[in-house]
Amino acid sequence: MRKRDLTRLLIESAVDRALRDMERDSHRTIRNLLDLALTFSKGSFERHFFTLCQQMLEDESSPYYQLLDRALRTCDRQTLKTFGMNVGYEGCSKGARRIREVEAAGGFNVPWALTIQAGAQGLSRIYIQRMVTEGTDLGIHVYLLQDNQLEQEALEQLLQDNPACAFTILTTGARGADWNLSSLSRFHNLLFSVDARQPLALELCRALEEARMPCAVHLGYSDQAASELPAQLEQVRSLGSLVVLLYADGAGPETRHAVYRRVVEARTARTYPFGLMELTEDLLAIDRIISDDPCSLAFLADGRAMTAAGPAPVNIRTATLTQVLQAVLPKRRP
């Protein structure tokens, strides 16, 4: 057995013990687990993340304890452990080391996560699987799939073939009836995110809870609608999600930066009983810690690459992922 595999087994064993201990005292156990994690963290990202979590839980009345209790009450423990390990260990620790190696050797940047418009009206399973296979070899273990009529058979095959990756599916409540959640609940590397503004969002969130699957919701914002986000965030409390993902839907960089500042302020002030992220900026912030040259990358339904700066003249249908990265994300010269 390789050393890295043994490391994961040891971490999983500690998490298993912590999950059992949480039955008695979840608040004290999570603080002890964070202390242990910080003690053994070697990378800058892990130390930054665990320190931030400690600060969020310093106050016993912190709403993040509500988040913890809700996750333990509504989610399958194996899913919490596996998805967390795939993001934390595979993505932020082992994957981060691999990303730095590839960047140093290849002279191009590798994003920490990939966003892909997937499905019958997006990229097909052939392109998605090729990207995930190549991306995993480059150190990428986190994938956000925008559901453009994504077939469940294709999703299940992807989850089965890539057990060390974490997949988030951004879907709608109206699509809820199309998903066989009893079948998908077998996979512990999956997180559904439901469009908070679309019909039947609450119904799908409740169905995910009944299936003991973790649930996030996402909210898009434009330049004009960004000012409405505080009121909308109050409204999504009723959905009971663990995480709320904000994304720029027609908003420019200036608005996106302003929204991100408010997100950071809300996290620091412990304003909401759920995790809150601005997708583009938080992915860049994570990548900034992993690499000295932060980047982000998405693929549109027609295969075109999209960076934080805008669309790029290269297509994943006619190029490998490495070729795309070489073309659109070269390392900055000193």
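Up top is the structure.
The notes below deal with the structure included here. All values reported here derive from a predicted model rather than from experimental measurement.

## Here we look at the sheet that holds strand 8 (residues 297-299)
Right, so step 1: Strand order in the open sheet formed by ten strands is 7-6-5-4-3-2-1-8-9-10, and the pairing between neighbours is mixed. On the outer flanks of this sheet lie strand 7 (275-278) and strand 10 (310-315), each paired with one strand and no other. Between one strand axis and the next, the sheet turns through 25 degrees on average, direction left out of account.
Right, so step 2: Pairing of strand 5 (residues 215-221) with strand 6 (residues 243-248) involves six bridges; the strand directions are parallel. Among the inter-strand pairings, Val 217 is bridged to a residue of strand 6, identified as Val 244.
Right, so step 3: Packed on one face of the sheet, helix 4 (residues 77-106) meets strand 2 (142-147), strand 3 (166-171) and strand 4 (190-195) and runs near 105 degrees to strand 3.

## Side note on unusual backbone geometry
Right, so step 1: The residue Arg 212 is not glycine, and still its phi comes out positive at about 60 degrees.
Right, so step 2: Here Arg 212 lies in the loop between helix 8 (201-210) and strand 5.
Right, so step 3: In this structure Arg 212 comes out as partly exposed when scored by relative accessible area, which is 34%.
Right, so step 4: Positive phi, close to 55 degrees, is recorded for Arg 270, a residue that is not glycine.
Right, so step 5: Note on placement: Arg 270 falls in the loop between helix 10 (253-268) and strand 7.
Right, so step 6: In this structure Arg 270 comes out as partly exposed when scored by relative accessible area, which is 24%.

Calculation notes
- Residues numbered from 1 in each chain as written.
- Predicted model: local features only at pLDDT ≥ 70, side-chain atom pairs only at ≥ 80, totals over all residues.
- Heavy atoms only, no water.
- Pairing = 2+ DSSP bridges.
- Helix = DSSP H or I, 4+ residues; strand = E, 2+ residues; numbered from the N terminus.
- Axes fitted to C-alpha atoms, helices over the stretch in contact; angles between N-to-C directions.
- Contact = heavy atoms within 4.5 Å.
- Buried < 20%, exposed > 50% of the residue type's maximum accessible area, 1.4 Å probe, protein only.

These figures come from the coordinates and say nothing about function on their own.
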